[in-house]
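# Summary of the model geometry
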Amino acid sequence: MLSLSSTHLDREEINQVFKKQKATALAWRKSSHAERSDRLKKLRTWILNHKADIRTAVAADFKKPVAEVDLSEIFPVTSEIKHTLAHLKSWMKGKSVSTPLPMLGTQGRVIPEAKGVSLIIAPWNYPFNLAIGPLVSALAAGCTAIIKPSEMTPHTSKLIEKLIQEVFKEDEVAVFQGDASVSQALLELPFDHIFFTGSPQVGKIVMKAAAEHLTSVTLELGGKSPAIIQKGASLKDAAGKLVVGKYLNCGQTCVAPDYILVHQEDRDTLLDEMKVFIQKAYDPDFKGIEATPDYARIVNDKHYERLISLMTDAQDKGAILAFGGNYDPHTRYIEPCILNDVTMDMKVMEEEIFGPILPIMTYENLDEAIALVNSLPKPLALYFFGEDGAAKNQVLSETSSGNAVINDCVLHFLHNDLPFGGVNNSGIGKAHGYYGFLAFSNEKGILTQRVGTTSSTLLNPPYGTRTKQILSTLIKWF
Ligand SMILES: NC(=O)c1ccc[n+]([C@@H]2O[C@H](COP(=O)([O-])OP(=O)(O)OC[C@H]3O[C@@H](n4cnc5c(N)ncnc54)[C@H](O)[C@@H]3O)[C@@H](O)[C@H]2O)c1
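Scoring rules and cut-offs
- Residues numbered from 1 in each chain as written.
- Predicted model: local features only at pLDDT ≥ 70, side-chain atom pairs only at ≥ 80, totals over all residues.
- Heavy atoms only, no water.
- Domains from an automatic or database assignment.
- Contact = heavy atoms within 4.5 Å.
- Buried area = accessible area lost by both parts, 1.4 Å probe.
- Salt bridge = Lys/Arg side-chain N within 4 Å of Asp/Glu carboxyl O.
- Core = buried A, V, L, I, M, F, W, Y, C linked by side-chain atoms within 4.5 Å.
- Buried < 20%, exposed > 50% of the residue type's maximum accessible area, 1.4 Å probe, protein only.
- Helix = DSSP H or I, 4+ residues; strand = E, 2+ residues; numbered from the N terminus.
- Pairing = 2+ DSSP bridges.
- Axes fitted to C-alpha atoms, helices over the stretch in contact; angles between N-to-C directions.

### A closer look at the domain arrangement of the protein
Looking at the assigned domains, one finds that the protein contains domain 1 (11-221 + 429-442) and domain 2 (226-415). For domain 1 versus domain 2, the separation of C-alpha centres amounts to 31 Å. The interface of domain 1 with domain 2 comprises 19 residues on the first partner and 21 residues on the second. Between domain 1 and domain 2, the buried area comes to about 1,800 Å², and carbon and sulfur atoms account for 57% of it. Among the residues of domain 1 in contact with domain 2, Phe62, Lys63 and Trp124 are the three that bury the most area, contributing 27% of the side total. Between domain 1 and domain 2 we count zero salt bridges in total.

### Section: the nonpolar core
The biggest cluster of nonpolar side chains holds 121 residues, and the ones touching the most others in it are Ile47, Ile132, Leu135 and Ile229. The element best represented in this core is helix 5 (residues 129-141), accounting for nine residues. Shared between two domains, this core holds at least three residues of each, these being domain 1 (11-221 + 429-442) and domain 2 (226-415). In this structure, Ile14, Val17, Ala210 and Leu219 belong to the second largest nonpolar core, which totals 24 residues.

### Focus on the sheet that holds strand 13 (residues 337-340)
With mixed pairing, the seven strands of this open sheet are ordered in space as 10-13-14-9-8-15-16. The open sheet is flanked by strand 10 (320-323) and strand 16 (403-406), the only strands paired with a single partner. On average, each strand axis in the sheet is tilted by 25° relative to the strand beside it, whichever way the strands run. Of the pairings in the sheet, the one linking strand 8 (residues 225-229) to strand 15 (residues 381-385) comprises three bridges and is parallel in character. Bridge pairing in strand 15 links isoleucine 229 to phenylalanine 385.

In structure tokens, the structure reads:
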């Protein structure tokens with residue numbers, strides 16, 4: 001198997017490329033809309049010409065189905081580029097701000113300025129999308145970039161390197177392959193922005209390293225995203241959406257519903273509907289789920305064993321296997337699994353599951369469900385199913401999450417006009433569309449004095465009675 005974990009660490013080369021990018025970043029800061037669009041179009045053309053290579057590479061890494069590669073690796077990036085090309089001109093223009101009375105005679109404007117050299121560290125679970133998606137934002141903002149793809153998906157990471165080498169010069173965009181040691185060597189450098197996607201544990205390491213240079217960070221992290229099914233919700237509709245959202249990418253999705261909170265009277269019906277949907281989606285010909293080409297595998301043995309131990313721990317502590325339970329270490333197959341009677345002392349409720357195991361917990365009243373969500377770190381997403389507006393508003397106002405979706409799940413990732421990201425433990429900063437552009441931009445506030453020095457001289461020392469009167473008027477009225 002292709003491996004990148006042993007890629008040797010060449011600090012000298014990293015330093016050289018960083019230095020070259022510093023020089024290019026200065027020039028790129030002034031790059032026009034046409035130049036930035038041209039970079040994005042070249043990127044898009046390469047992707048469109050290599051769709052088959054992308055499908056083959058991601059499938060070689062974890063048997064990801066072709067349709068899922070198209071939907072969740074290629075489409076989000078091409079649509080992000082299209083959206084960016086359509087709006088970049090107005091984003092780059094910045095905006096005028098209104099003038100408050102005490103500032104009369106001045107004009108204020110906010111101009112987005114390219115931050116400079118950026119570092120993009122990507123995870124393995126959407127290995128193409130989560131390395132190239134942030135690059136779209138970096139290029140739009142006028143930044144250069146060094147990308148460190150995941151060592152866990154070597155085929156896709158190699159393809160990303162090929163893409164970058166064919167489309168860019170190394171002083172514009174470069175790729176360094178390898179494991180944590182390569183990330184850490186990169187993190188020693190004074191980047192102008194770091195965009196990290198990965199676990200909260202590594203996010204903390206990244207933020208500490210960034211603090212050394214006071215480099216700004218976007219941290220796209222993970223967490224336990226709950227799905228609350230309100231009493232009276234359409235259980236059939238919720239069941240189908242939960243199954244699709246959970247088992248896409250074999251559950252290895254940062255925004256997958258991590259656990260379900262359903263009213264105790266609805267649990268069995270929801271469960272039955274989910275079983276029917278799993279059968280229809282992944283075993284339509286009754287040949288067994290393992291035979292479907294539409295279900296991915298676990299990325300490596302370490303994650304496979306972690307997931308099996310989560311299932312075993314839960315069952316040892318009293319959880320009931322309501323669906324699934326079959327697995328195969330040779331192919332790293334884990335059947336979609338649903339656990340009932342889950343309690344908070346089980347490991348499945350202590351860590352992000354990040355695999356095809358779905359615990360169901362019940363509640364008697366909504367307050368209980370909200371209290372449970374609030375007892376855990378703030379999640380990346382929260383899903384609410386139900387038509388009761390008051391209940392929906394209660395959940396939205398009494399919980400905190402990076403994003404929230406009503407009557408669906410996971411879909412918000414594809415909405416380019418919504419800020420995507422977490423809050424506290426699930427992330428810092430937002431990605432996608434305009435928000436991604438802003439992440440790589442310094443929003444520079446510019447004030448222009450238009451009426452000479454009159455206004456400021458009123459407040460110059462020596463501070464006499466008139467100055468004091470002006471100040472007390474300012475404080476009183478403005
Ligand atoms: N918010 C999002 O958009 C989003 C998207 C996908 C995944 N995720 C999260 O990512 C996690 C899974 O991905 P992962 O296992 O690749 O994450 P990870 O944190 O283990 O690794 C991410 C990247 O960091 C590097 N890395 C690992 N250890 C490091 C260290 N000690 N120092 C510096 N760099 C290091 C890896 O080489 C990899 O490139 C989950 O928590 C998931 O929720 C979040």
